[in-house]
Amino acid sequence: MSELESLEALESEAREAIAGADGVQQLVEVRARYLGRKGSVAAYLRGVGKLAPEARGPAGQAANAAKQRIEDWVAARRAELERDATGRSLAEHRYDTSLPGAGAPHGRLHPLTWVLRDAVEFFSALGFSVEEGPEVETDWNNFGALNFPDDHPARDVQDTFFVEGGHVLRTHTSPVQVRTMTGRTPPFRFIAPGRVYRYDNDATHAPMFHQVEGFLVDDRTTFADLKGVLYAFARHMFGADTELRFRAHFFPFTEPSAEIDFSWPGGWLEWGGCGMIHPHVLANCGIDPDRWQGWAFGMGLDRTAMQRFGIPHIRHLFEGDVRVLEQV
Ligand code: PHE
């Protein structure tokens, strides 16, 4: 009976060790110590083989029953340890489902797109519709019809990029006036935004930039109307206290003409040009200048965006730096 007693002792010792295991790894080791091939129960069973034949049966059964119980305790302890581990990890990684989401970063409009759309919206409300023209233009549309004399140095003044076949990269959006007016009868109210090209490059000039042309032709309209519209546009874009400066200037396609500046840190910045459409331009487009009159302007959209968003260098608009885009 000493064998049975030592089995009981072994069993209660195993039970304590199992209860004391405080990690799955440790539990696995405890299990091996008692139930493994070289474990205590196996050693006990080897001892049973040496007993008297009639004692072997009951001793073997008792050992197997003990083995099963130990196995059950191990399984129960294992489940317990795993439950604790899950609970601990949940506690560690606890998060508050009622918190608002962090939000994904979202795209923005480029400053130029922003001012372009804003300009279109502003002029639409005044009854202007949008026209477009190609960036590669004929000499006639870019210069000839706009009253630039053939051999006049005025053609060089704008630092033109010439393209094969006598075409040019349009130096301004004014050729859209010609395209739009030719073959149509006034009244007209149009804006024509787009890219233009000049051989220029510094903080406020890029070789490619953007203008928005605007023109109105009717029975009777005056320079005062033109000024009123430009003031309204400037104050819409830059704020109600924006001041403009109109400087007398020369363009072959307007008479009289002016350049327009807006106030800019440390002075004035040129915003664009304007004037009453020259009678020759109307005539070149097949419109009777004795019957109709009009005005036109061409404003720099890049400078509009620079002024609107406080961007100090025109190149920032074209470098794709998201910090610029984030200002919109
Ligand atoms: N086309 C002129 C320029 O680019 C601007 C302008 C447009 C002036 C319309 C008068 C009228 O400098």
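Cut-offs used in this document
Residues numbered from 1 in each chain as written. Predicted model: local features only at pLDDT ≥ 70, side-chain atom pairs only at ≥ 80, totals over all residues. Heavy atoms only, no water. Helix = DSSP H or I, 4+ residues; strand = E, 2+ residues; numbered from the N terminus. Rg over C-alpha atoms; globule rule 2.2 N^0.38 Å. Buried < 20%, exposed > 50% of the residue type's maximum accessible area, 1.4 Å probe, protein only. Areas by Shrake-Rupley, 256 points an atom, 1.4 Å probe, with all protein chains shown as cover. Lys, Arg positive; Asp, Glu negative; His and termini not counted. Charge placed at Lys NZ, Arg CZ, Asp CG, Glu CD. Core = buried A, V, L, I, M, F, W, Y, C linked by side-chain atoms within 4.5 Å. Contact = heavy atoms within 4.5 Å. Domains from an automatic or database assignment. Near = heavy atom within 4 Å. Polar contact = N/O pair within 3.5 Å; in protein donor to acceptor, adjacent residues only side chain to side chain. Nonpolar A, V, L, I, M, F, W, Y, C, P; charged D, E, K, R; others polar. Pairing = 2+ DSSP bridges. Phe/Tyr/Trp six-rings, centres within 6.5 Å; stacked < 30°, edge-to-face > 60°. Lys NZ or Arg CZ within 6 Å of the ring centre and 35° of its normal.

A count of helical and extended segments in the protein chain gives 12 helices and 10 strands. In terms of overall dimensions, the protein chain is more spread out than a globule: its C-alpha atoms have a radius of gyration of 44 Å, far above the 20 Å expected for 328 residues. For the protein chain, with 328 residues in total, the buried portion stands at 41%. Carbon and sulfur atoms form 52% of the exposed surface of the protein chain, whose accessible area is close to 17,900 Å². Between the averaged position of the 34 positive side-chain charges in the protein chain and that of its 46 negative side-chain charges there is a distance of 10 Å.

In this structure, Phe233 and Trp271 are the most contacted members of the largest nonpolar core, which totals 37 residues. Those elements that provide at least two residues to this core are helix 5 (111–125), strand 6 (208–218), helix 9 (223–238), strand 8 (254–264), strand 9 (267–277), strand 10 (293–300) and helix 11 (301–309). Counting residues per element, this core draws most heavily on helix 9, at 8 residues. If near-sequence neighbours (up to four positions away) are discounted, Trp271 is found in contact with Leu230, Phe233, Ala234, Phe238, Leu244, Ile260, Asp261, Phe262, Gly298, Met299, Gly300 and Thr304. Counting residues in hydrophobic clusters, the runner-up holds 20 residues, among them Phe148, Met181, Phe215 and Leu282.

This next bit is on the domain arrangement of the protein chain. Here the domain parsing of the protein chain yields domain 1 (3–91) and domain 2 (111–325). The straight-line distance from the C-alpha centre of domain 1 to that of domain 2 is 93 Å.

Turning to unusual backbone geometry, a few remarks are in order. Only a minority of non-glycine residues have a phi that is not negative, and only a minority of peptide bonds are not trans. Following Pro186, the chain continues to Pro187 via a peptide bond in cis, the omega torsion being 5 degrees. Along the chain, the position of Pro187 falls in the loop between helix 8 (175–181) and strand 5 (188–197). Here the amide bond leading from Glu255 into Pro256 is cis, since omega sits at -5 degrees, within 30 degrees of zero. One can find Pro256 in strand 8.

Glancing now at the site of the ligand. Neighbouring the ligand are 15 residues; His172, Ser174, Arg198, Gln211 and Gly298 lie closest to it. Here a nitrogen atom of the ligand and a side-chain polar atom of His172 are 2.9 Å apart. Protein contact buries 95% of the 330 Å² of open area that the ligand shows by itself. Listed by contribution, the elements that provide at least two residues to the shell around the ligand are strand 6, strand 9 and strand 10. The leading source of residues in the shell around the ligand is strand 10, at 3 residues. Broken down by class, the residue content of the shell around the ligand amounts to 5 nonpolar, 8 polar and 2 charged.

Before going further, it helps to examine the sheet that holds strand 4 (residues 167–169). If you trace the 3 strands from one edge of the open sheet to the other, you get 2-4-3, paired in antiparallel fashion. Strands with a single pairing partner mark the edges of an open sheet, and in this sheet they are strand 2 (136–137) and strand 3 (162–163). Where strand 2 lies against strand 4, 2 bridges are found, and the strand directions are antiparallel. The partner of Glu137 across the bridge, within strand 4, is Val168.

A word on the pairing of strand 9. Counting buried positions along strand 9 gives 8 out of 11 residues, so the element sits mostly inside the fold. For strand 8 and strand 9, the ladder comprises 9 bridges, and the chain directions are antiparallel. Paired with Phe262 across the two strands is Leu269, which belongs to strand 9. Connecting strand 8 to the next strand, strand 9, in antiparallel fashion are 2 residues, including Gly266 with a positive phi near 85 degrees. Bridge analysis of strand 9 against strand 10 gives 5 bridges, and the strand direction is antiparallel.

Take the packing of aromatic side chains next. Any aromatic ring pair is given by two values, namely how distant the centres are and how the planes are angled relative to each other. Tallying each qualifying case throughout the model produces 19 aromatic pairs. An angle of 40 degrees between the planes, with centres 6.3 Å apart, marks the rings of Phe128 and Trp295 as tilted. Of this pair, Phe128 sits in the loop between helix 5 and strand 1 (129–130) while Trp295 sits in strand 10, and the two are 167 residues apart along the sequence. We note that Phe128, like Trp295, is buried. Its guanidinium or amino end placed over the ring of Phe246, Lys227 lies 5.0 Å from that ring's centre, counting from NZ or CZ. It is Arg291 that lies over the ring of Trp292; its NZ or CZ is 4.0 Å from the centre.

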